[in-house]
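Residues per chain are reported as follows:
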Amino acid sequence: MLQQLLLVSLLGFTTAGLPCTQIFPSQQPPATADKVRPSDVAALSYIGLDEHSTELSTVLSKLTELLTVFSPGLISPLADENNINVPQYLHQSTLTEQANQVSLSLTSNQDIDVNGDWKLVLVFVRVDQFCPCEQQQVPFLLRRVVEDVDDALKLLHSQLKRTIVSVVLWDGEQDSFPRKCPCVGTNTEGELRLQKALLCQVLQESLDDLMVQKRWYSDRDDFTVALQDAPFTRDLSSVVTGKPLSESKLSKHTDELMVQLWTKLLQSSAEQHKNEDNGNIFTLPCPTEDQPFLRTERNSPSYHHSVASPLDQAFTGTEMPCEDLSPSSSTPTSVHELRPGDIKVVAAVGDSLTAGNGIASSPNNILDVLRQYRGLSWSVGGDENLTTVTTLPNILKHFNHNVTGYSVGIGKQDTPGAFLNQAVAGAKSRNVPLQVQTLVTRMKNDSRINFESDWKLITVFIGGNDICDHCSNSLLFSVQNYVQNVRESLDYLHKEVPRALVNLVEVLHITPLREMHLDKSLKCPTWLVNILCPCVIMPKSNSDALQVLENINRGYQHELHEIVESGRYDTRPDFTVVIQPFFREIIVPRLPDGRPDRSFFSADCFHLSQKSQTLMARSLWNNMLEPLGNKTSKQEFNSSIELKCPTKDSPFIRTYNNSNYIYSGPSPTTAPIPNWGSDFSCKNFAPSDTQPTSVHKLRPSDIQVVAALGDSITAGTGAKSKNLLELNREYKGVSWSIGADQALETVTTLPNILKKFNPLLKGFSKGQGSWQKGFNMAVAGAKTLELPAQVQALIRAMKGNKDVDFKKDWKLVTVLIGANDLCNYCLDQNNLSPKNYSHNLMLSLDMLYKEVPRLLVNVVDIMQISVLKTVKKNTLGCSLLQRTSCPCVINPTENPPEFEQIKQINHKYQVEMENLISGGRYDGKEDFAVVLQPFLHNSFIPHIGVGEVDTSFFSVDCFHISERAHAEMAVALWNNMLEPVGRKQAYNNFTYDRSKIHCPSQVSPFIFTKINSLPAPPVTTTAPATDSTTSILPSSGTLPRCPSSLPVWVPVVVGIVSFLAGITISWLILSCLRRRKSKEEADRVEMRGTGF
C-alpha cells in the first residue's frame, strides 16, 4: 500500500509531463481481447531477442516506461529503466523454447493473476535468421521460420489466458545480416541492401498468410495474435552508408523505433504517426475516446497481400515495320555513317534496371525481384526474338543476325550468360568506372569479337541510386561528383575502345515514382521502397527536401549534356557519345479510374516490369534514329510507341554530325568571384520584447557582445595572404567567428550576420593586427594549455570596456582550439594527451561559468586534422612550411602506426570534448550555457579533380585557411546555432553558395541550447479528444520531459516536498490503521477475559 501511495504522489507531481494526458481506463476488466486498453495490461513479455539485441532492448525499455504511465503496476523484465540486459530465458535458440520459458515465467509469477490479468507478449522474428544462400533454398528456409513462429504461437495459445500477442519482424542489429549470412559476403553493397529488403518483405507476407490461415489464433475471446504491418528496420542512413550510428543518432533512432512499435500496438490508425521538423521531432500517438484499445484484427481489420489484384501481363513483343534492313555496302570508317546493320557488338553498364531485376517476376512473388532477368533487359537483353521480347538487341537482330554481346537468361554480371551486360544491381555512378573497365577487358578477350574492326554500341544508364541516397550524403552524391564519375567512365571508353557509339541515356525523372506510394489503394510495399530509395519516397509534398530532390535530378540531367556538348568525345571519326533523353520527363501510367497503373512495375513497386522495359527499348531505338535537337524527351507509358525506321534520306544512327547539329560548347566560364560575401534573406529581426533573463530564450537580436578564443584560425593568420611575406599577418577582420570587416554582402563572418539582427553589436575585430582586435583573444600557435590565459584576458577586457555593461549585456563567445595540440602531439604526448586537452578546456569554461554573467559559449568541435595531409601543391609554402606547421600529421607516411595514432587521438579529443559539455557541469545557471557546434566533426575538403584538393580554401602554406574557408566556417557555425542539440549537422558543406545562411523560424526563434532543444509541453484541453498526441525528442535513455520556465531548483524542491508529503500521508494512514487494529485486539482480549 505504501508503494502505491508513493507512486501516486510521484505521478501527481509529473502529470504535466506525461506523454499521454488522457488514459481512458476501462470501467470493468475487459472480457475479450479486442476490448483491451493499454491501462488493462498487467504484464509485458517478449521473445525473439538474443544477447546481441542491445538496440532492441533499449527500445523495449523505453516502451515499458511508456506503458507504465498507463499501467503503473506493470510487470516486465525491463520494468527497471536501468536494466537493458536481455533476460536469461531469451538465450534459448528457438522461438518455441523462448515461448515456453515466457509461459512458465508468467504462470509462476505470484504478482500476476494468470487467469485474470491481461498480458501483452511481443514476438520478434529476426530477418537475419532467414539466410538463403541460393534462391532455391528460400521455400525450405521460409517454411522453417514460419513453422517456428507457428509453434511458438500455438504454445502461448495453449498455456496463457487473457493474452494479446503482437508479432514484429525485426531486421537485426548493425552488421548482423552479413555476420549471420556469410554467403552474402561477395555481394556488392547495393545487392546486399536489395536482398535484405526483399527477404524482409517475403517473410512479412508469409507471416501474414499464417495469420490469415490460423485466423489470428482467435478461437477464444481472451486470446489473439496481431501481425504488425511493417517491420522494424535500422536507421536508413546506417543502411545507406553501412556505418554504425553515432550515439546521438542511435538515441534518436531508438526513440523512433519505440514510437513505431507503440503506434502499431494501438488501435488508432497509423496516420497518427507523423514527424515534424524534418523527422527530428516524433509525434507520439495516444489512445483516443473513439479508439482506446490495443489493436487486434477484430477491432482494426488489416490489408492482406494475398487479396492484391493481379498485375496486367501485357503483350511484350513488337512487330518490325522497317523494310530496308541492309547494312552499309562496306564497313564504314566513320561513326557518323553507321547504319543499324553495321553494328556487330552490343554492351551496357548501369544498375538494376539494366541488370534486369524483377522484370518477369509475378505480382505476388516479391522475392523474385532479386532474380536478374538479363535476357529481358531493355538495352542489352537477347532472349527469344522481337515478336515475344522487345529489347534493343532483338531489334538489331533484324538488321544483323550476327550481332553479339547481348545477355541471355538469368544471372549476375559475372555469369557467362551476362556477356557484355556488366550492370550491377544497386550500382551508383561511382561504380561505373569499374564496370566499363571490366566490359572492355571482356571485349578484348572474347574470340567472338574483333575488337579493332567491329562496330560497338554501348549503352550507359546510371544515376537513379545516387538520387535515392543523395540526402544521406549530399557531398558524395553531389551533381559534381556524379558528373565526374560519368566523365571518368566515358573518358576510359573514349581512350580504349575503337569504333564505338555510346548511348548516354539521361537519368530518369524519378519524382513521379512517389505517386505509387502516395496512393494507399495500390497496396505497394512503401516501407520496403523507403529502404531502397529513402530520399525519393520520404520527403513530404511541397517540402524543401522534395525541392532539393528535384534540383539534384535536374542537375544530373543537365550536366550530362554539358559533358557531351563540350565536344570532348568527338576528337576522332570512329567514336562519339550521344545523349538519349527519352527519360527526361516521365508521364505516370494510369488506370481508367485515374490511379497509377501498377502493372508497369515489378512486385516491389520500384523496379520496372517487362511491360515498362518493352516501352523503354522502343523509346531508346526511336531516340537513336531521331536527329539531335529534335529527340523525344518524354516517356508516356500509357501511349503505344511504334518503332521508327531508317529512311533513304537518313539511313544512319543519328549523331551530332549527321544531324547538322552544332554543339553549344562548354558553358561560359564563370566570372571570377569578386568576394566571399553572402546574401541575407531573414525577415524575423525582432529582439525579445524584454531583455531575456534565460539563455534558453536568447534570440540573435538579443546578443550585444561577441568574443572569440583560439589559435591562428580565429586570429585570421594568412587569411588573405598572396605570398609567403604576408603569411604571418593576422587578418582579424575576416576571421570567421569574430571579424566584421565591411558588411555581410562582401565579407561573411558570424558578427556580420549578427549585425543584421543587432547593428549595435560590440566586440568584433576589424582590419589587420591588434589595433582593432576587439574581443578577439586568439593567439596564433596557441595550444589548449594557453586557453585559460586567453579567458582571463577576455574577462579583464570586457570588464574594462566602458561600452560593455558586463552584468546586463548578453555575450556570445566562440571557442575553437586543439589543432596545434594534435600537430605537435608526437613531440609531447604527456602534456598534449586527450585528458589534458579536456582538463584545460574545462578550466577555461569553469572560469567563464563562475565569472561572466549572461553568456552563451559556442565550443566548436575540433576538425579531423588528418585531411590536411591531402592538401598538396607544388610550392615552397605547401611543402616546407606545411611540414613545419604540423609535423606530427604531415611528416608521417600515409599509413604508419604514428599516423593512425594521431587519428585515434583526434577522435579521443572529440570524445573528451563532447563528454565535458554534455555532462551537465554547466547546466546550473539560467543565464549560462555551453553548446557544442559539431560542423567540423566529420571534415571534408572539396576536390576540383580526381584526387585533387581545392587549395583555394587554404593560404599559401596549405595549412592556414583562406578567406573563402573563413566564410564557409562562419555560415556553418551560424547554421549549427539554429539547429537543435542532438540534430546538428556534423560535417562541413564547403560549396560556394551565397544563399546558404539559414534563418530563425517563427516556431523556434531562439539560439538552440540543450534545454530549448527539448519539445514544448503537450497542450491539453477539456474538450473530448479525438486525436491526442504529444511530441517527443530523441533521448539517451528515458522519455524526455519538457523544460520548465521556472528556475531549475524549483521542480527539485517541489518534487522533494511532494515525495516527503506522500511518505507522511502514507505513514499517518498506516499508523491510524495500526492503532485501530491494536484497539480492536485489546477489546477482544478484554471480552475474552470477562467471559472466563
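Here is a short report on the structure shown in this document. (Residues numbered from 1 in each chain as written. Predicted model: local features only at pLDDT ≥ 70, side-chain atom pairs only at ≥ 80, totals over all residues. Heavy atoms only, no water.)

Looking at the packing of aromatic side chains
Point 1. Taken as a whole, this structure holds 17 aromatic pairs when the rule is applied.
Point 2. Relative to Tyr663, the ring of Tyr661 has its centre 6.1 Å away and its plane inclined at 80°; by these criteria the two rings are edge-to-face.
Point 3. Aromatic pair Tyr837 and Tyr909: ring centres 4.3 Å apart, planes at 10°, arrangement stacked. Of this pair, Tyr837 sits in helix H23 (residues 834-851) while Tyr909 is found in helix H26 (residues 897-918), placing the two residues 72 residues apart along the sequence. In terms of burial, Tyr837 and Tyr909 fall into one category: buried.
Point 4. Taken together, the aromatic side chains of Trp378, Phe461, Phe582 and Phe583 make up a single cluster linked through ring pairs.
Point 5. In this arrangement the basic side chain of Lys456 is found over the ring face of Phe451, its NZ or CZ atom lying 5.2 Å from the centre.
Point 6. The lysine or arginine in question, Lys811, covers the ring of Phe806, its NZ or CZ lying 5.3 Å from the ring centre. (Phe/Tyr/Trp six-rings, centres within 6.5 Å; stacked < 30°, edge-to-face > 60°. Helix = DSSP H or I, 4+ residues; strand = E, 2+ residues; numbered from the N terminus. Buried < 20%, exposed > 50% of the residue type's maximum accessible area, 1.4 Å probe, protein only. Lys NZ or Arg CZ within 6 Å of the ring centre and 35° of its normal.)

Topic: the sheet that holds strand E9 (residues 500-505)
Point 1. With respect to topology, four strands assemble into an open sheet ordered E7-E8-E9-E10, the strand pairing being parallel. The open sheet has two edge strands with one neighbour each: strand E7 (343-350) and strand E10 (575-580). The average angle at which neighbouring strand axes cross in this sheet is 20°, direction not considered.
Point 2. In this structure, E7 lies alongside strand E8 (residues 455-461), joined through seven bridges in parallel fashion. Its bridge partner being in E8, Ala347 is matched across the sheet by Ile458.
Point 3. Against the sheet, helix H13 (residues 479-496) makes contact with E8, E9 and E10, and its axis sits at roughly 165° relative to E9, the strand it touches most.
Point 4. In the packing of helix H17 (residues 544-565) onto the sheet, contacts are made with E9 and E10, and the angle to E10 comes to roughly 155°. (Pairing = 2+ DSSP bridges. Axes fitted to C-alpha atoms, helices over the stretch in contact; angles between N-to-C directions. Contact = heavy atoms within 4.5 Å.)

Regarding the pairing of strand E16 (residues 928-933)
Point 1. The buried fraction of E16 amounts to six of the six residues, a majority that puts the element mostly inside the structure.
Point 2. Here E16 shows no split at all, with Phe928, Val930 and Leu932 on one side and Ala929, Val931 and Gln933 on the other all buried.
Point 3. Bridging between strand E15 (residues 855-860) and E16 involves six bridges; their strand directions are parallel. Residue pairing across strands places Leu856 opposite Ala929, the latter belonging to E16.

Concerning H17
Point 1. For H17, built from 22 residues, the straight-helix expectation of 32 Å at 1.5 Å per residue is met to within 8% by its first-to-last C-alpha distance of 31 Å.
Point 2. Of all the positions in H17, only Leu546, Leu549, Ile552, Asn553, Gly555, Tyr556, Gln557, Leu560, Ile563, Val564 and Glu565 are classed as buried.
Point 3. Looking one or two residues beyond H17, the residue adopting positive phi is Gly567, at roughly 80°. (Expected span 1.5 Å × (residues − 1).)

A few points about the pattern of salt bridges
Point 1. Under the criterion given, the structure shown has 32 salt bridges.
Point 2. Of the charged contacts, one joins Lys644 and Glu626 as a salt bridge, the two residues approaching to 2.7 Å between their closest N and O atoms. Placement of the pair is Lys644 in the loop between strand E12 (634-636) and strand E13 (703-710) and Glu626 in the loop between helix H18 (610-625) and E12, with a sequence separation of 18 residues.
Point 3. Look at the salt bridges and you will find they share partners, linking Asp150, Asp151, Lys154 and Lys214 into a network. (Salt bridge = Lys/Arg side-chain N within 4 Å of Asp/Glu carboxyl O.)

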